[in-house]
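Structural overview
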Amino acid sequence: MSDKKGYKFNTRVIHACQSPEDWQGATIAPIFQTASHVHRTAENLSETFAGRKDDHIYMRLTNPTNRVLEEKLADLEGGLGAIVMSSGMAAISNASMALLRAGDEFVAGNSLFMSTYLLFTRVFKKYGITVRMVESTDIGAIERAINEKTRFVYLETIGNPKMDIPDLERVAAAAHSHGIPLLVDNTLASPYLCRPFEVGADIVIHSTTKYLSGHGSAAGGAVIDSGNFEWNRDRFPDFAPFVERKGALAYIDKVWREHHINFGTTQAPFHSYLTMIGMDTLALRMERHMENTMKVAQFLRERPEVKWINYAGLKDHPSHETAKKLFGDKGFGGLLAFGLKDQGACFSFIDRLRMIYHLANLGDCKTLVIHPCSSQYVSFDDATRDELSITPDLIRLSVGIEDIEDICADLGQALDGLA
Ligand SMILES: Cc1ncc(COP(=O)(O)O)c(C=O)c1O
């Protein structure tokens, strides 16, 4: 995919939406650390509040540094508009709530990030909203779950930590045949590996905290609108004023006007700045993440202590062919899961690691490990853990960009002697 200037993706990651001439020659957008913006005339402020002028008013609404990141993300995903927010969960909450009213339903794949699962099943339930969860890769089940109350289908490009990869193109076609949009959390793939709009998805969500930043120093999220979905009046009567106001940008306007600014899910401009610093190296990092992850999968496969490996890069993985269809020959992502004998073995393994960080994050340039069952999912009941494939023997590894020999050496010495 190239832009109007003919630049391809890896160039655009660095050069898209750069405007040093507006930044006194700086090569990165400055941090506009101001809560509010001065308006010289009463009319200008009035016109801006009315949406007829595109100036900045107040940090909770918009911010010039955030705006640059929004434009870059829209460009990289091939979307029409974007909003950056304080976290991935802020983006997921706002993206879905803008579509939902009490009594509505939606369909979601059942391999969801932990907080997304809780939001959908516990929090939305309080407001009379029903999520129907099905296997992410079962298109028939997705279609059967759609009824006249369904407002959208929600999937993750690569399930976390289930590692299943839905055929987004077929799901988008199925959703559209019922007049509803497809929302995709593209965090684990990043726009380097997958651009869901190119296969028909309508809305893309990111936790920028992960691969987009790559340094684990800035939380953030983004909602990106393809601008392609037609908000028909029968199923989406509440969209009419937004379509009238903003046309193809109706959805992102609704997310912003109804939810983002009222819930106050503002992104700190400093975090946008840090995210943009990280994004410059997205393409290179993703290449190395995925090369290393494949090598780690092969290394772990040879180890007798490792009972199973879940990584779509392995030819016998159920999502291998779908991954190739979706990702081409770029790779299969930087996250994998593997199984040891039991929870005790997982704890011993983690405690023995010397270089690899044990923490709750992923997509950092450093290799990270976690035992999800006893950490993020510790308060879940067994049935829910089973549904999400969170077993006591599962280790999740976010493979970093260090020298592969050092990653494997650390894994190897921590595995040595385990049953
Ligand atoms: C796939 C996915 N989506 C969303 C999130 C939430 O992002 P954040 O922690 O930035 O709110 C995470 C966090 O790990 C994630 O893995």
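No experiment lies behind these values; they were computed from the predicted model shown.

Domain annotation of the protein identifies domain 1 (18-278) and domain 2 (284-415). Each of domain 1 and domain 2 has a C-alpha centre, and the two are 28 Å apart. Between domain 1 and domain 2, the contact holds 38 residues from the first and 38 residues from the second. The largest contributions to the domain 1 side of the interface with domain 2 come from Tyr192, Leu193 and Tyr211, which together make up 24% of the buried area. Linking domain 1 with domain 2 are 2 salt bridges, by the criterion used here. With a closest N to O distance of 3.7 Å, Glu169 and Lys325 form a salt bridge. The interface formed by domain 1 and domain 2 includes 10 residue pairs in polar contact (both at pLDDT 80 or more). Contributing elements (two or more residues each) for the side of domain 1 that touches domain 2: helix H5 (114-126), helix H7 (168-177) and helix H8 (190-193). The leading source of residues in the side of domain 1 that touches domain 2 is H5, at 4 residues.

At their nearest, the axes of helix H4 (residues 88-97) and helix H10 (residues 250-263) sit 9 Å apart, and the two run at 120 degrees to each other. The angle between H4 and H10 falls in the class oblique. Crossing of H4 against H10: the hand is right-handed. Contacts from Asn94, Ala95 and Met97 in H4 reach Tyr251, Val255, His259, His260 and Phe263 in H10.

What follows concerns the packing of aromatic side chains. For any pair of aromatic rings, the description consists of the separation of the ring centres together with the inter-plane angle of the planes. Counting across every chain of the model gives 17 aromatic pairs. Each ring, one from Trp231 and one from Phe239, has its centre 4.2 Å from the other, and the planes form 15 degrees; the classification is stacked. By relative accessible area, which is 0% here, Phe239 ends up buried. Here the basic side chain of Arg122 rests over the ring of Phe380, its NZ or CZ set 5.8 Å away from the ring centre.

Parameters and conventions
Residues numbered from 1 in each chain as written. Predicted model: local features only at pLDDT ≥ 70, side-chain atom pairs only at ≥ 80, totals over all residues. Heavy atoms only, no water. Domains from an automatic or database assignment. Contact = heavy atoms within 4.5 Å. Buried area = accessible area lost by both parts, 1.4 Å probe. Salt bridge = Lys/Arg side-chain N within 4 Å of Asp/Glu carboxyl O. Polar contact = N/O pair within 3.5 Å; in protein donor to acceptor, adjacent residues only side chain to side chain. Helix = DSSP H or I, 4+ residues; strand = E, 2+ residues; numbered from the N terminus. Axes fitted to C-alpha atoms, helices over the stretch in contact; angles between N-to-C directions. Parallel < 35°, antiparallel > 145°, perpendicular 65-115°, else oblique. Left-handed = near helix turned anticlockwise from the far one by under 90°. Phe/Tyr/Trp six-rings, centres within 6.5 Å; stacked < 30°, edge-to-face > 60°. Buried < 20%, exposed > 50% of the residue type's maximum accessible area, 1.4 Å probe, protein only. Lys NZ or Arg CZ within 6 Å of the ring centre and 35° of its normal.

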